[in-house]
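Chain and residue survey
Residue-level listing of the chains:
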Amino acid sequence: MQAKLWYAQRISAMVLGLCVSIHLVIIFYAIRGGLTAEEILGRTQGNIAFAVFYEIFVLACFVHAPIGLANILEETFSKGFISKALSSLLAVLILILGTTAVIGVYTGGTL
Amino acid sequence: MLDMEFNIKYLFISKKIIFDLFFTIYRYNQAMSNSDLKVKVWRGAQEGEFVEYLVPRNPNQTVLDVVTFIQRKLDPTLSYRFACRVGMCGSCAMTVNGVARWTCRTHVSQIVEGDSLEIAPLNNLPVIKDLATDMREFFDKWKGAVGFFKGDKTRHDDFARVEPQSPERQLANAGIECIGCGVCYSSCEVVQSRPNYLGPAALNRAWTLTNDVRDVQQLDRLRAVAGDEGCHACHTQGSCTERCPKKLEPTASISGLKKLVARAAVRGSKWGKL
């Protein structure tokens, strides 16, 4: 199990590395002339490529972060219910909040 | 008869000369001089304290020379472990000025801070007495990581032919010179925080054996190093690699194991799936 989790975290780290780079490049590109909500939504609203990209980003975080948190909790405290519960909670929060945000910028806040 | 008497007298005189000479040197050593080293040595077992000794400074003096001087001239009750004195056996490792090292291959001049040395037993191992630690746990973990060879050939079979340039042989070569001194184990912060962790030496040995094409217990070994106490617990901090007196890279061996084990768990390996 430990080996499979490590594998999942490694693969998701590769995806995250790529996603973070693209995300940063877009940010640098986008803030050249200031930044407004309309500008962001104008770019992302109805743009399926943006939605797919950010959902992949969310899924990679969903895999990566909870495994890391569980490792830290297990090493700092002990292996057991608390580390599993907290990392599962983080996983669910990332998935729900992240996907909500992706849907939000895709639809422009009106479903 | 006269001859014998003369001999006895001569013996007495020469003994006296030797005694006087020795005593004078001894007295000289005892006196505080500019060239004396202030050496703090751990005395006791798990509970204990540092005791300070004054040891004369010599050119090319090793830390092991200092410890030996203390035991032979100042306090014969001091316990420590050594054998070869030339960096072959790996038994004289201690914590000197906070860092685990071979005492026989460490010159005082390389590490002395002002005129002080602090000599303690290896970290992460139970102390038996003074500078001698109980290494059982360390070697049990080698066994735990299936860090021993098992083949399927007998003396009646032909030699196994391993191409020296083959990738497996090259990978095994990189880590094979380990002599089990425990410096890496004692320097590892993961061992410190997670006492069940197999540690760099055992995992390095496991890695060299996974690259031994003659060995027949590969899946058992992968299973042994795959658990919570195995290779994936390594934080890749690299203290083992930095401190290894043989300049081996246990960190690289462990990352080799990480990849191999993870792949075997997800996609399977040439020996089967985990």
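Report follows, based on the coordinates. (Residues numbered from 1 in each chain as written. Chains lettered and ligands numbered in written order. Predicted model: local features only at pLDDT ≥ 70, side-chain atom pairs only at ≥ 80, totals over all residues.)

1. Details of the pairing of strand β3 (residues 93–96) of chain B
All names here are of chain B. Every second residue of β3 is oriented toward a common face, with Ala93 and Thr95 on one face and Met94 and Val96 on the other, all of them buried. Across four bridges, β3 lies against strand β4 (residues 99–102) in antiparallel orientation. Opposite Ala93, over in β4, you have Trp102 as the bridge partner. Between the antiparallel neighbours β3 and β4 lie two residues, among them Asn97 with a positive phi of about 50°. Pairing geometry for β3 and strand β5 (residues 116–120), over two bridges, is antiparallel. In the sheet register, Val96 faces β5, and the bridge partner there is Ile119. (Buried ≥ 20, exposed ≤ 12 C-beta atoms within 10 Å, placed from the backbone. Helix = DSSP H or I, 4+ residues; strand = E, 2+ residues; numbered from the N terminus. Pairing = 2+ DSSP bridges.)

2. Describing the environment of B:Glu49
All names here are of chain B. Tracing the sequence through the fold places Glu49 in strand β2 (residues 48–56). Expressed as a C-alpha distance, the spacing of Glu49 and Asp130, which sit 81 residues apart in the sequence, is 9.3 Å. Look past the residues within four positions of Glu49 in its chain and what remains in contact with it is Arg43 and Gly44. (Contact = placed C-beta atoms within 7 Å.)

3. A word on the packing of helix α1 (residues 2–30) of chain A against helix α3 (residues 48–76) of chain A
Residue and element names in this part refer to chain A. Orientation of α1 relative to α3, taken along the N-to-C sense of each, is 135°, at an axis distance of 8 Å. By the angle between their axes, α1 is oblique relative to α3. Classified by chirality, the crossing of α3 by α1 is left-handed. Across the interface between the two elements, Leu5, Ala8, Gln9, Ser12, Ala13, Val15, Leu16, Cys19 and His23 from α1 touch Ile56, Phe57, Ala60, Cys61, Val63, His64, Ile67 and Gly68 from α3. (Axes fitted to C-alpha atoms, helices over the stretch in contact; angles between N-to-C directions. Parallel < 35°, antiparallel > 145°, perpendicular 65-115°, else oblique. Left-handed = near helix turned anticlockwise from the far one by under 90°.)

4. A closer look at helix α11 (residues 250–266) of chain B
Each α-helix turn comprises 3.6 residues. Residues three or four places apart therefore point the same way. All names here are of chain B. With 17 residues, α11 should reach 24 Å at 1.5 Å per residue; the first-to-last C-alpha distance of 24 Å fits that figure. The buried count for α11 comes to 12 of 17 residues, which makes it a mostly enclosed element. Listed in full, the buried residues belonging to α11 are Pro250, Thr251, Ser253, Ile254, Gly256, Leu257, Lys258, Leu260, Val261, Ala262, Ala264 and Ala265. (Expected span 1.5 Å × (residues − 1).)

5. Description of the interface of chain B and chain A
Counting from both sides, the interface comprises 12 residues of chain B and, opposite them, six residues of chain A. Partitioned by chemical class, the residues of the side of chain B that touches chain A number six nonpolar, three polar and three charged. (Nonpolar A, V, L, I, M, F, W, Y, C, P; charged D, E, K, R; others polar.)

6. Observations concerning the packing of helix α4 (residues 136–144) of chain B against helix α8 (residues 200–210) of chain B
Relative placement of two packed helices is described by the angle separating their axes and the distance separating the axes. Residues and elements named next belong to chain B. Contact geometry for α4 and α8: axes closest at 8 Å, N-to-C directions at 30°. When the axes of α4 and α8 are compared, the pair comes out roughly parallel. Crossing handedness for the pair α4 and α8: right-handed. Only Ala201, Ala202 and Arg205 of α8 make contact with α4, whose side of the interface consists of Lys141, Trp142 and Gly144. Within the contact of α4 with α8, the residues separate by chemical class into three nonpolar, one polar and two charged.

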